[in-house]
Every structure is written in C-alpha cells, then in structure tokens.
Amino acid sequence: LTRKPADLEDGVLVSVSELSPGQLVTGIVTNVADHGIRVKLSDYVTGYVHLRQLTDVPLASVPKRLQVGSKVKCRVLHVHLKRRQLTLTAK
C-alpha cells in the first residue's frame, strides 16, 4: 500500500484494521436512509450506523438533525476485516 505524505500524519485512518471495537471515532454523515446512516471517518474508511444504534429510544425513522454533512460521534461495534466494513453505534 502506497501512502501519500499527507496520509502519514497521525490521526488519518487508512484501513479498518486500525480500529478496534469500543473505540470512539468522529465522522461526517454521507448518506441517510430509512434504515440508518453512512458515516465517513476518513477518505479511506466509512462505517454504518443502523437505525437501532442511533439512540436508546426506538425510532421509526432517522432524526432530522442527522443530515448529510452533519458531524457525528460514534463508537465502533464490529470490525469486519474480510469485508473491510465497520458497524458503528451513536448511542
């Protein structure tokens, strides 16, 4: 894997293998669907927050405050290395 000099700075995520369950991360909402949101953690890493993982109270739809471009704090639930996917929670 070849990295640009800007990617060598501390705090730039390049792979999901750099994260572990329970780790706190901050990202930007890139997609809002009826069943959850997609969160961009870096140029290389995105994660998914299911509707049930948005709040402690059951919801019928994604809250209006979570729009594309919104900043959101999440915690890593699962790291799927083979599929290079992250499951996040915003609780």
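Everything discussed here concerns the structure shown above.
Everything numeric in this text was worked out from a predicted model, so none of it was measured.

### What to know about the sheet that holds strand β4 (residues 71-80)
Piece 1. Taken in spatial order, the 5 strands close into a barrel running β1-β2-β3-β5-β4, and their pairing is mixed. Direction aside, the axes of adjacent strands within the sheet are offset by 50 degrees on average.
Piece 2. Bridge count for strand β3 (residues 46-50) against strand β5 (residues 85-89) is 2 bridges, and the pairing is parallel. Considered in β5, the bridge of Val 49 is made with Leu 88.

### Observations regarding the nonpolar core
Piece 1. Within the largest apolar cluster, 19 residues are counted, with the highest numbers of intra-cluster contacts made by Leu 19, Ile 37, Val 39, Leu 41, Leu 86 and Leu 88.
Piece 2. When contributions to this core are tallied by element, the ones reaching two or more residues are β1 (24-33), β2 (36-40), β4 and β5.
Piece 3. Of all the elements, β4 adds the most residues to this core, at 3 residues.
Piece 4. Apart from the residues lying within four places of it in its own chain, the contact partners of Ile 37 are Val 29, Asn 31, Val 32, Gly 47, Tyr 48, Val 49, Leu 54, Val 62 and Leu 66.

### Some points on the environment of Val 39
Piece 1. Structurally, Val 39 can be placed in strand β2.
Piece 2. Between the alpha carbons of Val 39 and Gly 69 there is a distance of 9.4 Å; along the sequence they are 30 residues apart.
Piece 3. Aside from chain neighbours lying at most four places away, what touches Val 39 is Gly 27, Ile 28, Thr 30, Val 45, Thr 46, Gly 47, Val 49, Val 72, Cys 74 and Leu 88.

Rules and cut-offs
Residue numbers restart at each chain and count upward from 1, following the sequence in its written direction. Local features in this predicted model are restricted to residues of pLDDT 70 or higher, and side-chain atom pairs are both shown and tallied only at a pLDDT of 80 or more, whereas totals for entire chains, interfaces and linings draw on every residue. The basis for every side-chain value is the complete set of non-hydrogen atoms in the structure, without hydrogens or water. Between any two strands, pairing holds if DSSP finds at least two bridges. Here a strand is any run of E in DSSP of at least two residues, a helix any run of H or I of at least four, and the numbering for each starts at the N terminus. Axes here mean lines fitted to C-alpha atoms, for a helix over just the part in contact, with angles spanning 0 to 180 degrees between N-to-C directions. Residues enter a nonpolar core if they are buried and are Ala, Val, Leu, Ile, Met, Phe, Trp, Tyr or Cys, with the set joined through side-chain atoms within 4.5 Å. Only protein chains enter the accessibility calculation, which uses a 1.4 Å probe. A residue is then buried if its area is under 20% of the maximum for its type, exposed if over 50%, and partly exposed in between. By definition in these notes, contact holds between two residues if any of their heavy atoms fall within 4.5 Å.

Spatial relationships are all this shows, so hold off on functional conclusions.
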